[in-house]
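# Understanding the architecture of this molecule
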Amino acid sequence: MTYQKTFDEIIEELNKQKRPKEDIEQIKLAYEWAKKLHEGQFRVSQEPYIIHPVEVAKILVDLKLDKDTIIAAFLHDVLEDTNTTAQEMQDKFGIDVVNLVTGVTKLSKYQFKSKEERQAENFRRMFIAMAQDIRIVILKLADRLHNMRTLSYMAASKQKKIAQETIDIFAPLANRLGMGKIKAELEDLSLRYLNPEKYYEIAKLVAETKSMRDDTVNSLIEKIKSELEKHKLKVTIKGRAKHYYSIYNKMKRLNVSFDQLYDITAVRVIVDTEAECYQVLGIIHQIFKPIPGRFKDYIAMPKGNMYRSLHTSVIGSKNKPVEIQIRTHKMHEIAEYGIAAHWKYKESGVTKASNKQDMQFSWMRKVMEFDRETTDARDFVESVKLDLFNDQVFVFTPNGDVFDLPQNSTPVDFAYRIHTEVGHRTVGALINGRIAQLDTKLKNGDIVEILTSKQFAPKIDWLNFVVTKNAGTKIRQWFKKFNREDNITLGKTNLELEIGKNPFEELLKAGIIDKVAREMNYKSSQDLFAGLGYGETTVHKVINVIKKYDAPKTNEQLAFEQNQANGKKTKNKKNDIVGLEGLLWSLAKCCSPIPGEPIVGVVTKSKGVSVHRLDCKCLGNIEPERMIDINWSDDISKGKYLAHIRIECQDRVGILRDVLMKTGDLGINIIYSNTYLKGRKFGIIDLGIELDSIETLKKIILAIQSINDVFSVRRLQQKENLNQPKYSKKKKYKNVQNKENTD
């Protein structure tokens, strides 16, 4: 029986590795128990099922994994495919083996709404288990590798699905763990089923050109060997053809044919010490002409998966470029087997991700962060794929600490990678000592210094350029938590601008906005407005859902009705703004523009042009093509315009009276006045005032600032209510002369 022969090979290899006799006896016991439990079960190939766990165990023995992981390989399908309990397994082999087996057990016993949800949750559980004990994912990779080796027995549709899953998740995972040998085989096997024509075409071309390549490489090796022997260096030199998927990827990326690729084969020089690596590099550059820009030092700056080596490309015989890799024996073992080589023979759970002395994979901690921040399994898997499996750039702090980030990351991504608070306080960045914009794409080797403020100051437009899921999530969470009232107002205003005031109010009264909110998974319309405000959803998505409940009037109908309702107001103000002559327009309540300050017009669907201040927050989500250049007329008609100001002051008797006297002296009409306590000694006064120009507003602010115990006076975008617990409403004043509240 083939599986018995394979098992004999496993025992032979374990003896070669000088494993303890008691460990080998435990492994034999696990094999016999698994064979008995799987008796009568067969694979799709009609072979006895025990073949699969035996082959998985053999892969792990070759990787020199510890006893418990090899035992778990024999037993990894027992809990799922037999009636055996975890307690029985624990009694025989211990809790460590049970944890490893449950970490790789499939989720067929769980119920999910869809196959996609089931698979996403499967991956999520694997990633979390992996972050707790790395042996789980090594076991999972060995399981997947044997399944891929026997994929030919599956139906064609399943072959493609499993191969795609392998290329998306498992091959990048093997790469992240530095397991180059397993990664290469997984990629080649996936290509065989995803694109069989290309796979066999490349295999044929590689075979046909082998003899010619071998001649070129052998002559190069002989030349290097003879030169290194003169320097009494003990080296091992090998030629290595790139694996098929690597060749396919390069042809696709560079859009070239097989004949145009010059680095199908690489020469690998293996030495004893790190110092000899650099010595060999110098000698090679003396005898061959190096190609500029093709040298990479992964010894001084290792990859995130612990890979270390020197790479250089030189002009070899027949003027053909050849890549040469130089590394030590230890570096070579880690390059082939990655984290498995790093921890070979180690016991007592040193493979736990929490062991910081051994654990070099900082990205493991990010997996745990993703799990805490993301409730949806599919979002979690997308986060992992985006942030962990993308090509990376390595950037430095001014202190020399190195951080790995996905390609196209920005200083904001870098700031949130350091710490959430650093991200929230970011106001600027220095890249290589020079001030840079926050949306600058970082490059390998950049030294990045984040400039921070004492106050939290995230910007919603950062979401337009951050790359990492972590940064985007943190920014949204901040705006969701701390700017809820502002976000509700902003979202509500943007939606009202898009569909028109009257239709919007009708939808609100009819309860349609609440229905739309629930359909979009928000608890209420307020939550929907907040989501719009901080960019979680868009106005267009909301309108598309609204259309299901309501057949909106045409723009022509709405424009006609609005003109009828507002004709008189428009006529009275027709000469106030240059650029809007003859058009229907109104002042935006979100920012209350005043004559004399810069303004911009926004074309709406139902109420003509809405006039905003140029610094209005609502403009952030407006398409540029909807904006028009306008300005106040020089001979603007005398009128009253509403402005909102906030005064921060000492809480003392008579402070409100002093403020009201100053405004009265200037002849200013007060629409409303609200006062609040801020702690025990400080107060806030909010005023709504009527003005005729921005110059009058400046005079009022200066006059109020001159009052003793007034700390600051600033203009608000709109009327704000302070409902936070740290403020307590103290008193309210209404100007009795005012009969009409224009707010």
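Residues numbered from 1 in each chain as written. Predicted model: local features only at pLDDT ≥ 70, side-chain atom pairs only at ≥ 80, totals over all residues. Heavy atoms only, no water.

## Re the overall build of the chain
Using the following cut-off: Put simply, DSSP H or I for four residues or longer makes a helix, DSSP E for two residues or longer makes a strand, and each gets a number counted from the N terminus. For every accessible area listed, the method is Shrake-Rupley and the probe measures 1.4 Å; residues are considered covered only by the protein chains on display.
The number of helices and strands found in the chain is 30 helices and 22 strands. Working note: accessible area of the chain is about 37900 Å², and carbon and sulfur atoms make up 49% of it.

## So, the pairing of strand 15 (residues 609-613)
For the record, the criterion: Throughout this description, buried means an accessible area under 20% of the type-specific maximum (1.4 Å probe, protein chains only), exposed means over 50%, and partly exposed covers the range between. Strands are treated as partners if at least two bridges between them are detected by DSSP.
In terms of burial, strand 15 is a largely internal element, five of the five residues being buried. Across the two faces of strand 15 the burial is the same, with Val609, Val611 and Arg613 and Ser610 and His612 all buried. Pairing analysis gives three bridges linking strand 13 (residues 585-587) to strand 15, with the strands arranged parallel. Looking across to strand 15, one finds that Trp585 is bridged to Val609. Bridge analysis of strand 14 (residues 599-603) against strand 15 gives five bridges, and the strand direction is antiparallel. The partner of Val600 across the bridge, within strand 15, is His612.

## Considering the side chain of His311
Operational definition: A 3.5 Å cut-off defines polar contacts: any pair of N or O atoms within that distance qualifies, except that in protein one atom must be a possible hydrogen donor and the other a possible acceptor, and neighbouring residues in sequence count only when both atoms are side-chain atoms. Residue contacts are defined here by distance: any two heavy atoms, one from each residue, within 4.5 Å place the two residues in contact.
Here His311 shows up in strand 5 (residues 310-315). At 2.6 Å, the side chain of His311 and the side chain of Tyr307 are in polar contact. The contacts of His311, once residues within four sequence positions are left out, are Arg294, Phe295, Lys296, Tyr298, Glu323, Ile324 and Gln325.

## Some remarks on unusual backbone geometry
Among all residues save glycine, negative phi is the norm, and among peptide bonds the norm is trans. Despite not being glycine, Lys64 has its phi angle at roughly 65°, a positive value. With respect to the element layout, Lys64 can be found in the loop between helix 3 (51-62) and helix 4 (67-75). The class of Lys64 is partly exposed, set by a relative accessible area of 21%. A positive phi angle, close to 75°, is found at Asp709, a residue other than glycine. Along the chain, Asp709 falls in the loop between helix 30 (694-705) and strand 21 (710-716).

## Examining the packing of aromatic side chains
Going by this rule: Think of it this way: a Phe, Tyr or Trp ring, Trp meaning its six-membered ring, pairs with another when their centres are within 6.5 Å, and the plane angle makes it stacked under 30 degrees, edge-to-face over 60, tilted otherwise.
Taken as a whole and judged by the stated rule, the model has eleven aromatic pairs. A ring pair is formed by Tyr298 and Tyr307, whose centres lie 5.9 Å apart and whose planes are at 70°; its orientation type is edge-to-face. The class for Tyr298 is buried, based on a relative accessible area of 17%. A relative accessible area of 12% places Tyr307 in the buried class. Grouping aromatic residues by their ring pairs yields a cluster made of Phe7, Tyr31 and Phe74.

## Details of the packing of helix 25 (residues 512-519) against helix 26 (residues 525-533)
Put simply, the rule reads: Structural elements are reduced to axes, namely lines fitted to C-alpha atoms, with helices fitted over the stretch in contact, and the angle between N-to-C directions of any two is expressed from 0 to 180 degrees. The scheme is simple: roughly parallel for angles under 35 degrees, roughly antiparallel for over 145, roughly perpendicular for 65 to 115, oblique for anything else. A crossing counts as left-handed when the near helix is turned anticlockwise from the far one by less than a right angle, and as right-handed when that turn is clockwise.
One way to put it is that helix 25 packs onto helix 26 with a least axis distance of 8 Å and a crossing angle of 65°. By the angle between their directions, the pair helix 25 and helix 26 is classed as roughly perpendicular. Here helix 25 and helix 26 pass one another in a crossing that is left-handed. Between helix 25, through Ile513, Asp514, Val516 and Ala517, and helix 26, the contact on the second element is made entirely by Ser525, Leu528 and Phe529.

## Focus on the nonpolar core
Let me state the cut-off plainly: Only buried residues count toward a nonpolar core, which is a set of Ala, Val, Leu, Ile, Met, Phe, Trp, Tyr and Cys residues joined through side-chain atoms within 4.5 Å.
With 59 residues, the main nonpolar core has Leu60, Phe74, Leu75, Met89 and Leu186 as its most contacted residues. Residue contributions to this core peak at eight residues, all from helix 9 (residues 135-149). Beyond its immediate stretch of four places on either side in the chain, Leu60 contacts Leu65, Thr69, Ile70, Ala73, Ile138, Leu139 and Ala142. Core analysis: the next-biggest nonpolar cluster, separate from the first, contains 44 residues, Leu438, Trp462, Ala530 and Tyr534 among them.

## Examining the environment of Asp81
Its place among the elements puts Asp81 in helix 5 (residues 78-81). Asp81 sits in the partly exposed class, given a relative accessible area of 32%. Residues Asp81 and Gln41, spaced 40 residues apart in sequence, show a C-alpha to C-alpha distance of 9.0 Å. Every residue in contact with Asp81, bar those within four places of it in the chain, is listed here: His38, Gln41 and Tyr49.

## Thoughts on helix 10 (residues 156-176)
Note the following rule: Working rule for helices: expected span equals 1.5 Å times residues minus one.
Between the first and last C-alpha of helix 10 there are 29 Å, a value that for 21 residues agrees with the 30 Å anticipated at 1.5 Å per step. Immediately downstream of helix 10, the backbone of Gly178 shows phi near 75°, a positive value.

## Observations concerning the pattern of salt bridges
Condition: Any Lys or Arg side-chain nitrogen found within 4 Å of a carboxyl oxygen on Asp or Glu counts as a salt bridge.
Within the structure shown, the criterion is met by 22 salt bridges. Among the salt bridges present, the one from Glu25 reaches Lys28, with a minimum N-O distance of 3.8 Å. Pair noted here: Glu25 and Lys28 are both in helix 2 (residues 21-37), with a separation of three residues, about one helical turn. Residue classification places Glu25 among the partly exposed positions, given a relative accessible area of 49%.

## Considering the environment of Arg646
Within the secondary structure, Arg646 sits in strand 18 (residues 641-650). Separated by 70 residues in sequence, Arg646 and Leu716 place their C-alpha atoms 6.7 Å apart. Here Asp686 takes part through its side chain, which lies 2.8 Å from a polar atom of the side chain of Arg646.

## Quick notes on the sheet that holds strand 15
With mixed pairing, four strands are arranged side by side in an open sheet as 13-15-14-16. This sheet does not close on itself; its edge strands, each paired only once, are strand 13 and strand 16 (627-629). Recorded for the sheet is a direction-independent mean angle of 35° between the axes of neighbouring strands. Alignment of strand 14 against strand 16, held across three bridges, turns out to be antiparallel. When the bridges of strand 16 are listed, Gly601 appears paired with Ile628.

## Details of the sheet that holds strand 10 (residues 434-436)
Spatial ordering of the open sheet is given by 10-9-11, a layout of three strands whose pairing is antiparallel. For this open sheet the edge positions go to strand 10 and strand 11 (448-452), each flanked by a neighbour on one side alone. On average, adjacent strands in this sheet sit at an angle of 35° to one another, irrespective of strand direction. Against the sheet, helix 20 (residues 411-418) makes contact with strand 9 (426-431) and strand 11, and its axis sits at roughly 80° relative to strand 11, the strand it touches most.

## Comments concerning the confidence of the model for the chain
Stated formally: What pLDDT conveys is the predictor's confidence in a given residue, as a value from 0 to 100.
Of all residues in the chain, 80% have pLDDT values of 70 or greater, and the mean over the chain is 78. This model gives residues 551-573 a pLDDT under 50, and the stretch forms 19 contacts once residues within four places in sequence are excluded.

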